[in-house]
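Now for the letters of each chain:
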Amino acid sequence: GAGVSQSPRYKVAKRGQDVALRCDPISGHVSLFWYQQALGQGPEFLTYFQNEAQLDKSGLPSDRFFAERPEGSVSTLKIQRTQQEDSAVYLCASSLRQGASQPQHFGDGTRLSIL
Amino acid sequence: DAKTTQPNSMESNEEEPVHLPCNHSTISGTDYIHWYRQLPSQGPEYVIHGLTSNVNNRMASLAIAEDRKSSTLILHRATLRDAAVYYCILRPLYNFNKFYFGSGTKLNVKP
């Protein structure tokens with residue numbers, strides 16, 4: 001079946017522009033996660049949804065970052081007034097159920113470059 | 001937050017076994033041990049996880065020390081497609097939504 005799909009695959013924006021990154025999780029997956037991965041480093045947690053509820057947004061680096069999942073399926077990560085330090089790969093992952101033993105299924109990410 | 005320590009890089013020959021170590025001396029009794037790997041330009045891929053007992057699946061085996069302060073991911077016959085960054089991650093039972101990846105081990109497989 002289809003895996004986690006992220007779009008666009010690449011995004012270039014000028015500093016100060018707003019961007020929106022989309023994640024289509026595996027159908028029926030309850031949990032959805034966003035991560036930020038800087039070059040040469042491991043992914044870092046940004047936020048977590050269970051269905052449409054955003055249960056943890058403690059990893060969002062500033063109030064310029066906003067995520068939503070209004071119908072409990074597709075999610076969008078929005079970054080307002082982008083800065084150069086926002087350049088990174090943004091990864092989305094989903095899992096069938098919540099819980100510490102649940103594997104996460106990752107998309108291939110959106111590579112964001114801020115000029 | 002419990003952290004893990006892994007070697008920065010390792011090298012293996014094709015078709016030989018690979019043992020990737022991970023130290024997690026501050027692990028709590030309810031932390032699950034997960035392993036993921038990430039190939040270039042791809043998202044991380046789940047490999048295996050365990051709690052206390054050793055685990056086997058089609059991709060790998062996970063050996064967990066008796067005191068749970070370390071674990072080893074075993075690839076039984078490395079192939080060139082196994083060249084990736086391997087992450088050992090602790091996932092708390094009661095705060096499971098956060099994964100802490102660390103820097104991982106970059107595995108190079110020589111033909």
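Residues numbered from 1 in each chain as written. Chains lettered and ligands numbered in written order. Predicted model: local features only at pLDDT ≥ 70, side-chain atom pairs only at ≥ 80, totals over all residues. Heavy atoms only, no water.

Engineer: Talk me through the overall build of chain B; I want residue IDs and the actual numbers.
Structural biologist: For chain B, the helix and strand inventory stands at zero helices and nine strands. When the helices and strands of chain B are listed from N to C terminus, the series reads β-β-β-β-β-β-β-β-β. By the compact-globule yardstick of 13 Å for 111 residues, chain B fits well, its C-alpha radius of gyration being 13 Å. Taken over 111 residues, chain B has a buried fraction of 44%. (Helix = DSSP H or I, 4+ residues; strand = E, 2+ residues; numbered from the N terminus. Rg over C-alpha atoms; globule rule 2.2 N^0.38 Å. Buried < 20%, exposed > 50% of the residue type's maximum accessible area, 1.4 Å probe, protein only.)

Engineer: Please give an account of the interface of chain B and chain A that cites residues and values.
Structural biologist: Counting from both sides, the interface comprises 20 residues of chain B and, opposite them, 22 residues of chain A. Buried area between chain B and chain A, summed over both chains or domains, comes out near 1,700 Å², and the portion from carbon and sulfur atoms is 55%. The largest per-residue losses of area from chain B upon contact with chain A belong to R91, F96 and N97 of chain B, which jointly make up 29% of the total buried on that side. Where chain B packs against chain A, one counts ten residue pairs in polar contact (both at pLDDT 80 or more). (Contact = heavy atoms within 4.5 Å. Buried area = accessible area lost by both parts, 1.4 Å probe. Polar contact = N/O pair within 3.5 Å; in protein donor to acceptor, adjacent residues only side chain to side chain.)

Engineer: Kindly report on the state of the cysteines, identifying the contributing residues and their values.
Structural biologist: Residue and element names in this part refer to chain A. Taken as a whole and judged by the stated rule, the model has two disulfides over all chains. Through a disulfide, C23 is tied to C92; the S-S separation comes to 1.9 Å. Here the disulfide of C23 and C92 is left-handed, its torsion about the S-S bond being about -65 degrees. Highlighted residues: C23 in strand β3 (residues 19-24) and C92 in strand β9 (residues 88-95), separated in sequence by 69 residues. (Disulfide = S-S within 2.5 Å.)

Engineer: Report on unusual backbone geometry, specifying residues and quantitative values.
Structural biologist: Generally, phi is negative for residues other than glycine and the peptide bonds are trans, each holding for most cases. For the peptide bond that leads from S7 of chain A to P8 of chain A, omega is -10 degrees, which places it in the cis range. One can find P8 of chain A in the loop between β1 (5-7) and β2 (10-13). Even without glycine at this site, N51 of chain A takes up a positive phi of about 55 degrees. Relative to the assigned elements, N51 of chain A resides in the loop between β5 (44-50) and β6 (53-56). One non-glycine residue with positive phi stands out, namely S41 of chain B, at about 65 degrees.

Engineer: For the pattern of salt bridges, give the residues involved together with the corresponding values.
Structural biologist: Pairing between side chains becomes possible if they bear opposite charge and their charged atoms approach one another. Residue and element names in this part refer to chain A. This model, assessed by the stated rule, comprises seven salt bridges over all chains. The salt bridge involving D24 is made with R22; its shortest N-O contact spans 2.7 Å. Overall, D24 belongs to the partly exposed group, its relative accessible area being 24%. The partner of K78 in a salt bridge is E68, with the nearest N and O atoms 3.3 Å apart. Within this pair, whereas K78 is found in strand β8 (residues 75-79), its partner E68 is found in strand β7 (residues 65-68), the two being separated by ten residues in sequence. For K78, a relative accessible area of 31% gives the class partly exposed. (Salt bridge = Lys/Arg side-chain N within 4 Å of Asp/Glu carboxyl O.)

Engineer: Report on the sheet that holds β8 of chain A, specifying residues and quantitative values.
Structural biologist: Residue and element names in this part refer to chain A. With respect to topology, four strands assemble into an open sheet ordered β1-β3-β8-β7, the strand pairing being antiparallel. The open sheet is flanked by β1 and β7, the only strands paired with a single partner. Neighbour to neighbour, the strand axes of the sheet diverge by 15 degrees on average, direction disregarded. By the bridge criterion, three bridges tie β1 to β3 in an arrangement that is antiparallel. (Pairing = 2+ DSSP bridges. Axes fitted to C-alpha atoms, helices over the stretch in contact; angles between N-to-C directions.)

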